[in-house]
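A closer look at the structure
Chain by chain, the residues run as shown.
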Amino acid sequence: MTSPETTNQPITDGAALLDEIEAFHRRFNVFPAEAAYVAVTLWDAHAHLLDAFDSTPRLAFLSPEPGSGKSRALEIVETLVPHPMVAVNASAAALFRAVSGTDGRPTILFDEIDTVFGPKAGDNEDLRGFLNAGHRRSGVTYRCVGDGANQNVQAFPSYCAVAMAGLGSLPDTILTRSVIIRMRRRAPNEKVEPFRQRIHEKEGHALRDRLAQWANSVRKSVEGVWPVMPDGVTDRPADVWEPLLAVADAAGGAWPARARAACVELVTAAKEDDKASLGIRLLTDLRDVVFCGADRMPTAVILECLNGIEDAPWGDMGGKPLNSRALSRMLGEYVTSDNKPIKPRPIRTAAGVPRGYYADDLADAWTRYCPPPPGKSTTSATAATPQVSAGADVAEELPGIRYITAETATAPAPARSA
């Protein structure tokens, strides 16, 4: 039987083709969830339609330990995307010159990305800038070109598809532009087929050629299309997923529904795993662990509560627990609803006037930056940690401060003191 790629016969069943791409991945890759297979398959396809979109998501295979299948995942992707360029420790200059060259825009596959952005690596701001700029179709990298004093600023296009694999994490600016696949070592009952490059690369290339042919047939229907996003997926996550959902809609079949389910699952997981912003972590812990509905809280009580959270960074901030100065500095980066920096204020009590923070001052930042709160807590803000053992103003539960308990959780708040 003659194959479609040898007859140039149009490929009309995009859903069936994506099913084949997914099955090819499943032969050699064990991903952590069904959503990952959907996302990676759509990413492979979107690389053939790059000029139809305003942005391209980065694909990041990350794991805490070696031997988790990250490099193998990149190998399979390499067989399926156009003009693959395998990069290990490539410089930003080499990459943006390759992207702006005349040999066709490459799909960059960056293995061992942890050697570039890991804890033992330097800042590599040039490379980070290139990866960030190339996320948008309008992205360019500026460089001085010329000899000696005869230098001119030249803009090099940076827009290209990039897939990465590495240990640990990545800078926040790259993570927020990425579909993140958290890889893990295979369990004893998880089996894959050995990847034999001389045999299986040809199979991948045959699928790649059919994918390119299908992409050309749907290009006009994909250009300028804004797919319907799942509820709650907006801003940067929407930029990341729009190209993938557009591909799924063009393929039809079960792919539009599967793509949106995968989008919600992976976007939610990325938010839960996001530890990049220490400020957002602080705001969230203050809302969900410290205040828990209280309208004000002395600084000393806040610090004892924060430093007592076992899985939080506050007990070891550069070798020392978080102190009042650092707390004030971090919260001062955010503003109240009146657009004034959040600062400690006196709290008038029968035992004295300690300084602390008001929930009203934090409320606007909580709304703008924190993830949705968990179920309504009835735990006292002071029940989770011991009382401060020293200091006249916070040795015991302070009169004049509303502490939330099971009995008072639904009681109306008293008027704020002047």
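Above this text sits the structure in question.
A brief report on the enclosed structure follows. (Residues numbered from 1 in each chain as written. Predicted model: local features only at pLDDT ≥ 70, side-chain atom pairs only at ≥ 80, totals over all residues. Heavy atoms only, no water.)

Details of the overall build of the protein
- Looking only at helices and strands, one finds 15 helices and 10 strands in the protein.
- Partitioning the intrachain contacts of the protein with sequence separation of at least 6 by distance along the chain shows that 69% fall at a separation of at least 24.
- Carbon and sulfur atoms make up 51% of the accessible area of the protein, which totals about 20900 Å². (Helix = DSSP H or I, 4+ residues; strand = E, 2+ residues; numbered from the N terminus. Contact = heavy atoms within 4.5 Å. Areas by Shrake-Rupley, 256 points an atom, 1.4 Å probe, with all protein chains shown as cover.)

Overview of the sheet that holds strand β10 (residues 355–358)
- Overall, antiparallel pairing links the three strands, which are arranged β8-β10-β9 in an open sheet. Each edge of the open sheet is held by one strand with a lone partner, namely β8 (296–298) and β9 (345–346).
- Note that β8 and β10 share three bridges and pair antiparallel. The residue of β10 that forms the bridge with M297 is Y357.
- Helix α15 (residues 359–369) contacts β8, β9 and β10 of the sheet and is inclined by roughly 45 degrees relative to β10. (Pairing = 2+ DSSP bridges. Axes fitted to C-alpha atoms, helices over the stretch in contact; angles between N-to-C directions.)

Concerning the pattern of salt bridges
- If you walk through the whole model with that rule in mind, you get 18 salt bridges.
- A salt bridge links D311 to R281; the shortest N-O distance between them is 3.7 Å. With D311 in the loop between α13 (299–307) and α14 (324–331) and R281 in helix α12 (residues 278–291), this pair connects stretches of sequence that are 30 residues apart.
- Within this structure, E22, R26, E34 and R258 form a network of salt bridges that share partners. (Salt bridge = Lys/Arg side-chain N within 4 Å of Asp/Glu carboxyl O.)

Points about unusual backbone geometry
- Positive phi is not limited to glycine here, since H83 has a value of about 50 degrees.
- Following the sequence through the fold, H83 ends up in the loop between α4 (70–80) and β2 (84–87).
- For N339, which is not glycine, the phi torsion reads 65 degrees and is therefore positive.
- The topology assignment puts N339 in the loop between α14 and β9.
- Residue N339 is classed as exposed on the basis of its relative accessible area of 61%. (Buried < 20%, exposed > 50% of the residue type's maximum accessible area, 1.4 Å probe, protein only.)

Quick word on the nonpolar core
- Among the nonpolar cores identified, the biggest contains 62 residues, and F31, L42, F61, V179, I181 and W241 are the most heavily contacted of them.
- Apart from the residues within four sequence positions on either side, L42 is in contact with L18, L244, V247, A248, W255 and A259.
- Counting 28 residues, the second largest nonpolar core, distinct from the first, contains L282, F291, A326 and Y357. (Core = buried A, V, L, I, M, F, W, Y, C linked by side-chain atoms within 4.5 Å.)

Considerations on the sheet that holds strand β6 (residues 162–167)
- An order of β2-β3-β6-β1-β7 is seen for the five strands of this open sheet, with the pairing classed as parallel. Two strands in the sheet have a free side with no partner beyond their single neighbour: β2 and β7 (178–182). Strand-to-strand twist across the sheet, computed as the mean angle between neighbouring axes with direction ignored, equals 15 degrees.
- Alignment of β2 against strand β3 (residues 107–110), held across four bridges, turns out to be parallel. Residue pairing for β3: P84 is matched across the bridge by T107.

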